[in-house]
Amino acid sequence: MEHIHFLAFAMPAFFIFLFIEFRIAAYKRRKDIFNYESSVSNISIGIAERLLNLFVTGSFYQLYFFVYDHYRIFEIPQTPLVWIGLLLTTDFVWYWYHRLGHEVNFLWAAHIVHHQSEEFNFTAAARITTFQAIIRTGFWCLLPLFGFHPTMVIAMLVVHGAYSFFTHTQVIGRIKWLEYVLVTPSVHGVHHASDEKYLDKNYGDMFTFWDRLFGTFQAEEEKPTYGLTHPLKSYSFLWQHFHYYFEIYALWQRSDGFRAKWKAVFGSPADMDQDIRPMLEKRFLQDKKHDRSRLKFRNYLYIQLGVAVVMLTLLTYHFDRLETYETVLASLFILITLVNCGALLEQRKWLYYLEYVRLFILSLYWLYSQGDEIYFWLPILAMIVAEHLFSLSRYYQQALLSPEPREC
Ligand SMILES: [Zn+2]
Ligand SMILES: [Zn+2]
């Protein structure tokens, strides 16, 4: 499981590059590149993906070996020239995986999360989900099926995946001559735009010739407006992940007959009923007319994100040496912290109860490590009594969720 140790270094590397990008943006006086809430939301989603991938990446790799051992079509040797063939094939498979991710409702439900960001910087690159990783693995299975050896495939996927990180930035301007061959930040920025002429363009990850071949290439002309055509009205961690699945379900429910129901799941996102999301938002989200920027929680949010990142890095590094209860409880703690960050941005009233759940996880960890997990009810009882006697939830909401005076 050497790959897991290696992935532990991806997190610090990400923050180093993000810091460099942030400094360059400040130097160029491009304040518009970063937005506080959006960056926090992007990073939270990236942390969750890294975390959940820890549990599934190993089985992805096993799957590539399984497909190669049992079903490979050709015997492809492991020669230096084959690497070029593998690179081109990987990017070609990516093109179709990505394009179908935009053209099929069920696949778009996973990929839409990547496009919710209305800012375009390195944090947007982190905005991917484990659902997307699972779907992508289905497509990547084509590579060992063709006969590329899984060790080559795995190495290639690391390189191919890393490339797309660097195409999510505005601090590098247009490099026209490079666009003939490679996807540049400007080319991928067009893909993230919601302007009419930029829609459904530039699906390539590394090379632009697939887009040119299939008529989906578009160079940057006017400055793009980043994000979805119908932006999401929430920073809720859970809502961002699942809203489109709810939309598909709502469309399925209102569709009559097999054809219509089939279209609800496998049809085009362009045909999604546009009244569904506002209806769901009304049902599931709080109305938020408050001014988010002046609330007291910023430092608390930074601390939480910091803790989540450090915990994830340590968990990744030690993953195969830890006991099951340790990995499960640590992962739950991180996930609840991320839901908490999203809820803070939304000022949810139930936020307080998440704090109790986190405390419970911590005490459960301690009890487990002492072999006293049978006493799990003790911290629950203590928390109920504490809430009853001291009304802690009221103090918590006053401390974190009330607006600060203007000058702050
Ligand atoms: Zn896309
Ligand atoms: Zn992207």
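Conventions adopted
- Residues numbered from 1 in each chain as written.
- Chains lettered and ligands numbered in written order.
- Predicted model: local features only at pLDDT ≥ 70, side-chain atom pairs only at ≥ 80, totals over all residues.
- Helix = DSSP H or I, 4+ residues; strand = E, 2+ residues; numbered from the N terminus.
- Rg over C-alpha atoms; globule rule 2.2 N^0.38 Å.
- Buried ≥ 20, exposed ≤ 12 C-beta atoms within 10 Å, placed from the backbone.
- Contact = placed C-beta atoms within 7 Å.
- Expected span 1.5 Å × (residues − 1).
- pLDDT = per-residue confidence, 0-100.
- UniProt positions renumbered as here; feature names shortened; annotations may be inferred.
- Core = buried A, V, L, I, M, F, W, Y, C linked by C-beta atoms within 7 Å.
- Domains from an automatic or database assignment.
- Nonpolar A, V, L, I, M, F, W, Y, C, P; charged D, E, K, R; others polar.
- Axes fitted to C-alpha atoms, helices over the stretch in contact; angles between N-to-C directions.
- Parallel < 35°, antiparallel > 145°, perpendicular 65-115°, else oblique.
- Left-handed = near helix turned anticlockwise from the far one by under 90°.

Draft legend 1. A look at the overall build of the chain. Looking only at helices and strands, one finds 19 helices and 0 strands in the chain. For 408 residues, the compact-globule estimate of 2.2 N^0.38 gives 22 Å, and the C-alpha radius of gyration of the chain, at 23 Å, lies within 12% of that figure. Projecting the C-alpha coordinates of the chain onto the three principal axes gives extents of approximately 70 × 55 × 50 Å. A total of 408 residues make up the chain; the buried ones form 29% of that total. Look at the contacts in the chain between residues 6 or more apart in sequence, and 74% of them connect residues 24 or more apart.

Draft legend 2. Up close: unusual backbone geometry. Phi is positive for Arg 29, close to 55°, though the residue is something other than glycine. Along the polypeptide, Arg 29 turns up in the loop between α2 (10-27) and α3 (36-71). Phi is positive for Asp 200, which is not a glycine, with a value near 55°. Looking at the element boundaries, Asp 200 is found in the loop between α10 (185-191) and α11 (209-213).

Draft legend 3. Expanded view of helix α17 (residues 351-370). Between its terminal C-alpha atoms α17 stretches 30 Å, which fits the 28 Å expected from 20 residues at 1.5 Å a residue. Downstream of α17 by one or two residues, Gly 371 has phi in the positive range, about 75°.

Draft legend 4. Layout of the confidence of the model for the chain. Predicted confidence across the chain gives a mean pLDDT of 89, with 94% of residues reaching 70 or more. Within the chain, the element-level pLDDT minimum falls on helix α1 (residues 2-7), averaging 62, and the maximum on helix α8 (residues 142-146), averaging 97.

Draft legend 5. Geometry of the UniProt feature "domain: Fatty acid hydroxylase" (unreviewed entry) in the chain. As annotated in UniProt, the feature "domain: Fatty acid hydroxylase" (unreviewed entry) corresponds to residues 84-216 in the numbering used here. Taken as a whole, residues 84-216 contains 59% helix and 0% strand, while its terminal C-alpha atoms sit 24 Å from one another.

Draft legend 6. How the structure looks around the environment of Ser 41. By the element assignment, Ser 41 lies in helix α3. On the neighbour-count criterion, Ser 41 (26 C-beta atoms within 10 Å) is buried. For the pair Ser 41 and Tyr 352, spaced 311 residues apart in the sequence, the C-alpha separation amounts to 19 Å. Ignoring anything within four residues of it in the chain, the contact list for Ser 41 reads Tyr 235, Gln 240, Gly 342 and Leu 345.

Draft legend 7. Seen up close, the nonpolar core. Within the largest apolar cluster, 43 residues are counted, with the highest numbers of intra-cluster contacts made by Ile 47, Ala 109, Leu 312, Ile 334, Leu 338 and Cys 341. Tallying contributions element by element places helix α16 (residues 324-346) first for this core, with 7 residues. If near-sequence neighbours (up to four positions away) are discounted, Ile 47 is found in contact with Ala 308, Val 309, Leu 312, Ile 334 and Leu 338. By size, the runner-up hydrophobic cluster in this structure holds 8 residues, among which are Tyr 64, Trp 140, Leu 143 and Val 153.

Draft legend 8. Region of the structure containing the domain arrangement of the chain. Each assigned domain of the chain is listed here: domain 1 (2-213), domain 2 (237-284) and domain 3 (292-401). Taken over C-alpha atoms, the centre of domain 1 sits 31 Å from the centre of domain 3. Residue-level contacts link 16 residues of domain 1 with 19 residues of domain 3. Those elements giving two or more residues to the side of domain 1 that touches domain 3 turn out to be α1, α2 and α3. Per element, the largest residue contribution to the side of domain 1 that touches domain 3 is 10 residues, and it comes from α3. Of the residues in the side of domain 1 that touches domain 3, the class split is 11 nonpolar, 3 polar and 2 charged.

Draft legend 9. Up close: the environment of Tyr 198. Within the secondary structure, Tyr 198 is located in the loop between α10 and α11. Residue classification places Tyr 198 among the buried positions, given that 21 C-beta atoms sit within 10 Å. Spatially, the C-alpha atoms of Tyr 198 and Glu 220 are 8.3 Å apart, while their sequence positions differ by 22 residues.

Draft legend 10. Highlighting the packing of α3 against helix α15 (residues 298-318). Taken N-terminus to C-terminus, the directions of α3 and α15 make an angle of 20°; their axes are 11 Å apart at the nearest point. With respect to α15, the element α3 is oriented roughly parallel. Seen from above, α3 lies across α15 with left-handed handedness. Taken together, the residues of α15 that come into contact with α3 (itself represented by Val 40, Ile 43, Ile 47, Arg 50, Leu 51 and Leu 54) are Leu 301, Leu 305, Ala 308, Val 309, Leu 312, Leu 315 and Thr 316. Among the residues forming the contact of α3 with α15, the class breakdown is 11 nonpolar, 1 polar and 1 charged.

Draft legend 11. Structural detail: the environment of Arg 348. Its location among the elements puts Arg 348 in the loop between α16 and α17. Note: C-alpha distance between Arg 348 and Ser 236 (112 residues apart in sequence) is 9.2 Å.

Draft legend 12. Structural detail: the packing of α3 against helix α7 (residues 130-140). It is the contact of α3 with α7, at a shortest axis distance of 9 Å, that shows an interaxial angle of 15°. When the axes of α3 and α7 are compared, the pair comes out roughly parallel. In the packing of α3 onto α7, the handedness of the crossing is right-handed. In this structure, α3 uses Glu 49, Leu 52, Asn 53, Val 56, Phe 60 and Leu 63 to contact α7, whose residues at the interface are Thr 130, Ala 133, Ile 134 and Thr 137. Classifying every residue of the contact of α3 with α7 by side-chain character gives 6 nonpolar, 3 polar and 1 charged.

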